[in-house]
Amino acid sequence: RCSSDLFCLFFFFKQKTAYEVYQCDWSSDVCSSDLLNAVEIEQAITDLADQDFDAANFAYAFLEAFGNKATTIKRLRSKSGSSNASDIEGGVLQRNNIHIAVCKSGEITETLGKLKASLATGKAKAKFVLATDGIYLEAEDLNSGETVACAYKDFPNHFGFFLDRKSTRLNS
């Protein structure tokens with residue numbers, strides 16, 4: 001006597017959206033529901049690069065483009081009670097995130113070196129350092145050692161470098 005049983009198994013998979021894949025961890029003030037998706041970040045960074053370079057506001061505009069709240073930016077700008085822990089003149093350091101400095105033309109590599117060597121960068125556990133003169137831009141992922149060096153106007157082509165990539169590769 002032969003018996004044949006037929007079993008059917010169904011598997012359901014949920015594909016992650018760009019929003020879920022590229023969740024940033026830019027500051028403790030930003031929760032995942034407040035984050036921009038990758039397309040919105042790319043557009044904001046492209047808009048920033050297309051504007052005339054504003055040395056005094058670049059760091060804040062850069063952080064805002066990645067979804068930082070206005071209150072976070074305000075605290076970084078504040079003279080009293082500032083959350084900006086930078087020890088580099090004109091630098092902006094956001095804890096657990098990035099140390100940014102705008103420098104004079106031709107001093108990008110030197111400035112990037114100062115950012116990397118900064119005691120504040122280590123103490124604040126910055127993940128990235130970025131230096132620009134508005135003509136060129138250099139950045140380094142301090143965890144992986146990966147770098148970006150490009151013309152300022154081309155940095156939107158590298159916006160993904162600054163995203164939290166825990167979901168796409170080991171970064172911490």
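Residues numbered from 1 in each chain as written. Predicted model: local features only at pLDDT ≥ 70, side-chain atom pairs only at ≥ 80, totals over all residues. Heavy atoms only, no water.

A closer look at the packing of helix α2 (residues 38–50) against helix α3 (residues 58–65)
For the pair α2 and α3, interaxial distance at closest approach is 9 Å and the crossing angle is 160°. Judged by the inter-axis angle, α2 sits roughly antiparallel to α3. You can see that α2 and α3 cross each other, and the crossing is right-handed. Facing Ile41, Ala44, Ile45 and Leu48 of α2, the residues of α3 in contact are Phe58, Ala61, Phe62 and Ala65. (Axes fitted to C-alpha atoms, helices over the stretch in contact; angles between N-to-C directions. Helix = DSSP H or I, 4+ residues; strand = E, 2+ residues; numbered from the N terminus. Parallel < 35°, antiparallel > 145°, perpendicular 65-115°, else oblique. Left-handed = near helix turned anticlockwise from the far one by under 90°. Contact = heavy atoms within 4.5 Å.)

Points about the packing of aromatic side chains
On inspection of all chains with the given rule, the structure shows 13 aromatic pairs. Following the ring pairs from residue to residue traces out a cluster consisting of Phe53, Phe58, Phe62, Phe66, Phe128, Tyr152, Phe155, Phe161 and Phe162. (Phe/Tyr/Trp six-rings, centres within 6.5 Å; stacked < 30°, edge-to-face > 60°.)

A look at the nonpolar core
A general trend in soluble globular proteins is that nonpolar side chains are found buried together. Formed by 29 residues in total, the largest nonpolar core has its most connected members in Phe58, Phe62, Leu130, Phe155 and Phe162. The biggest single contributor to this core is α3, with 6 residues. When sequence neighbours within four positions are dropped, the list of residues in contact with Phe155 reads Ile45, Leu48, Ala49, Phe58, Phe62, Leu137 and Cys150. Counting 8 residues, the second-largest nonpolar core is a separate cluster that includes Ile88, Ala101, Val129 and Ala131. (Core = buried A, V, L, I, M, F, W, Y, C linked by side-chain atoms within 4.5 Å. Buried < 20%, exposed > 50% of the residue type's maximum accessible area, 1.4 Å probe, protein only.)

All we've got here are geometric facts, nothing functional implied.
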